[in-house]
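Here's the letter readout for the chains.
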Amino acid sequence: EFRYYMKGSSTPVCVSALFSTGVPKATVVVPEIAVVCGESWSCSYSIQLTRPHHHDDWLGVYQTAGTGPRGCALRQAVPMDANEGTVHFAQSPPFPGTFQVMYHLGQHGNIVAGVSAPLTVRIDRVSRVFETREVRLFLCSTVVDMLEEREALIDKVLPALQAACEPRLLTVTLICHSFGMRPSVQVTGLVSEEETATLDHFLLALREIDRCSPYFIALLGEQYGWIPDTLGEEILGGYPWLQVPRNTNLPLPGVRASALEMGILNGFLVDPELGKHNLFFFRDQAHVQRSGVPMHKRKHFVPTSEYGREAIEKLREQLRNVEQSRVVRYNHKAAFTAAANTHIQACIDADFNALDVFPPWRRVN
């Protein structure tokens, strides 16, 4: 209400009728289909004002779900002298996930006048498995503590999968990147990734993850693996979601995340739809005592630091909490071999019908 006072008087002469004020209501409409990371896009807006505005209104894009940083990811000014129109963004957020666009009133403390419906941002990673009929399985793991599991995959699981898929004219390829381990008799099983890993090798692994989508396998034991001191411009340019600090609650400078965790982030956590055929094998921590590992080799089956122990547990918990993740626990090599064969074959059968077989081919000499 308004009150009219005479000079020197504390009693109002007259009082107006009650009236109310409020924030102008704005409407923001975003694309219904998913937007690809980094590509240009547009959204429309309208605001309920009796006259064209002349202040610094702007649209902010905020992530509500996903692995990217919270806060305003993009900002774009609203055209002046127009209560409705279209705002063009030169690029979409570099991080996949779910976003909302908010209309801010610039001259009124940037308060929010309207919020859009959810906007989905996806990574443009197209699977070519149906064109090539090649099932590429990417294996993400540390090395020195997972030699038995890798041997089982190569010597037993892969031949069994290939034999089952050959009548369907499918090729099964296992991609075993080791983040820098050199295939030398002198170092195999005796050194860690920290001593041999390079960013060039890590970049190759990230690109192979892209090629293997939607198939992704990870083995998690006690080792957290190699933690790069920094990531090069080429890696961050192609995979900007890796620049978000991981495990910020743990005291460690630099990148803070190991190559193992960043591989899982790129292959699955950044967008679970990319790795819809995912398998995460969690080894029982009592494996070392039960499997009779010699004392001189047990150092490879324990965390290398307190940070590594906490980080690998946090990663396990994060994977367990993702609805789309398939977690398999095992406690010895035979159990792992059987589970890997069963679950990987089920993933392949989900894409290629087991009854869709072709007549046997005759070899032409």
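Heads up: these notes are all about the structure in this document. (Residues numbered from 1 in each chain as written. Predicted model: local features only at pLDDT ≥ 70, side-chain atom pairs only at ≥ 80, totals over all residues. Heavy atoms only, no water.)

Considerations on the overall build of the chain
Scanning the chain from terminus to terminus reveals 9 helices and 16 strands. Evaluated residue by residue, the chain yields a buried proportion of 44% over its 365 residues. Counting only contacts in the chain whose residues sit at least 6 apart along the sequence, the fraction spanning at least 24 positions is 74%. Accessible surface computed for the chain: about 19300 Å², of which carbon and sulfur atoms make up 53%. (Helix = DSSP H or I, 4+ residues; strand = E, 2+ residues; numbered from the N terminus. Buried < 20%, exposed > 50% of the residue type's maximum accessible area, 1.4 Å probe, protein only. Contact = heavy atoms within 4.5 Å. Areas by Shrake-Rupley, 256 points an atom, 1.4 Å probe, with all protein chains shown as cover.)

A few points about the pairing of strand 15 (residues 277–283)
Along strand 15, 7 of the 7 residues are buried, which leaves the element largely enclosed by surrounding structure. Burial of the side chains of strand 15 extends over both faces: His277, Leu279, Phe281 and Arg283 are buried on one face and Asn278, Phe280 and Phe282 on the other. When strand 14 (residues 215–220) meets strand 15, the two strands line up parallel, connected through 6 bridges. For Leu219, the partnering residue across the bridge sits in strand 15 and is Phe281. Judged from the 4 bridges that link them, strand 15 and strand 16 (residues 327–330) form a sheet pairing that is parallel. If you follow Phe282 over to strand 16, its bridge partner there is Arg329. (Pairing = 2+ DSSP bridges.)

Quick notes on the packing of aromatic side chains
Overall, the coordinates contain 11 aromatic pairs when judged by the stated rule. Note on Trp41 and Phe89: the rings are 4.5 Å apart at their centroids and 5° apart in plane angle, and the pair reads as stacked. Highlighted residues: Trp41 in strand 5 (residues 41–47) and Phe89 in strand 8 (residues 84–89), separated in sequence by 48 residues. Across this residue pair, the class does not change: Trp41 and Phe89 are buried. (Phe/Tyr/Trp six-rings, centres within 6.5 Å; stacked < 30°, edge-to-face > 60°.)

Regarding unusual backbone geometry
Excluding glycine, residues mostly carry a negative phi; peptide bonds, for their part, are mostly trans. In this model, Ser213 is joined to Pro214 through a cis peptide bond whose omega is 15°. Tracing the backbone through its elements, the reader meets Pro214 in the loop between helix 4 (199–212) and strand 14. We note that Leu169 has phi near 60°; this positive angle belongs to a residue other than glycine. By secondary structure assignment, the location of Leu169 is in the loop between helix 2 (147–165) and strand 13 (171–176). Using a relative accessible area of 33% as the deciding quantity, one classes Leu169 as partly exposed.

Remarks on helix 9 (residues 333–351)
Between the first and last C-alpha of helix 9 there are 28 Å, a value that for 19 residues agrees with the 27 Å anticipated at 1.5 Å per step. For helix 9, the full list of buried residues reads Phe336, Thr337, Ala339, Ala340, Ile344, Gln345, Cys347, Ile348 and Asp351. (Expected span 1.5 Å × (residues − 1).)

A word on the nonpolar core
Counting 61 residues, the largest nonpolar core has Trp41, Leu59, Tyr103, Phe216, Leu242, Ile264 and Leu319 as its most contacted members. Counting residues per element, this core draws most heavily on helix 6 (residues 259–269), at 7 residues. Judged by nonpolar contacts, the second largest core, of 27 residues, contains Val135, Leu139, Tyr330 and Ile344. (Core = buried A, V, L, I, M, F, W, Y, C linked by side-chain atoms within 4.5 Å.)

What about the pattern of salt bridges?
Tallying each qualifying case throughout the model produces 15 salt bridges. In this structure, Arg136 engages Glu208 in a salt bridge whose closest nitrogen and oxygen atoms are separated by 2.6 Å. Of this pair, Arg136 sits in strand 12 (residues 134–140) while Glu208 sits in helix 4, and the two are 72 residues apart along the sequence. Across this residue pair, the class does not change: Arg136 and Glu208 are buried. Among the ionic pairs, Lys333 bridges to Glu151, the shortest N-O distance being 2.9 Å. A residue pair is termed long-range when its members are at least 10 positions apart, and Lys333 in helix 9 and Glu151 in helix 2 qualify at 182 residues. Residue Lys333 is classed as partly exposed on the basis of its relative accessible area, which comes to 27%. Relative accessible area serves as the criterion here: at 42%, Glu151 is assigned to the partly exposed category. One continuous salt-bridge network, built from bridges that share partners, spans Glu134, Arg136, Glu208 and Arg211. (Salt bridge = Lys/Arg side-chain N within 4 Å of Asp/Glu carboxyl O.)

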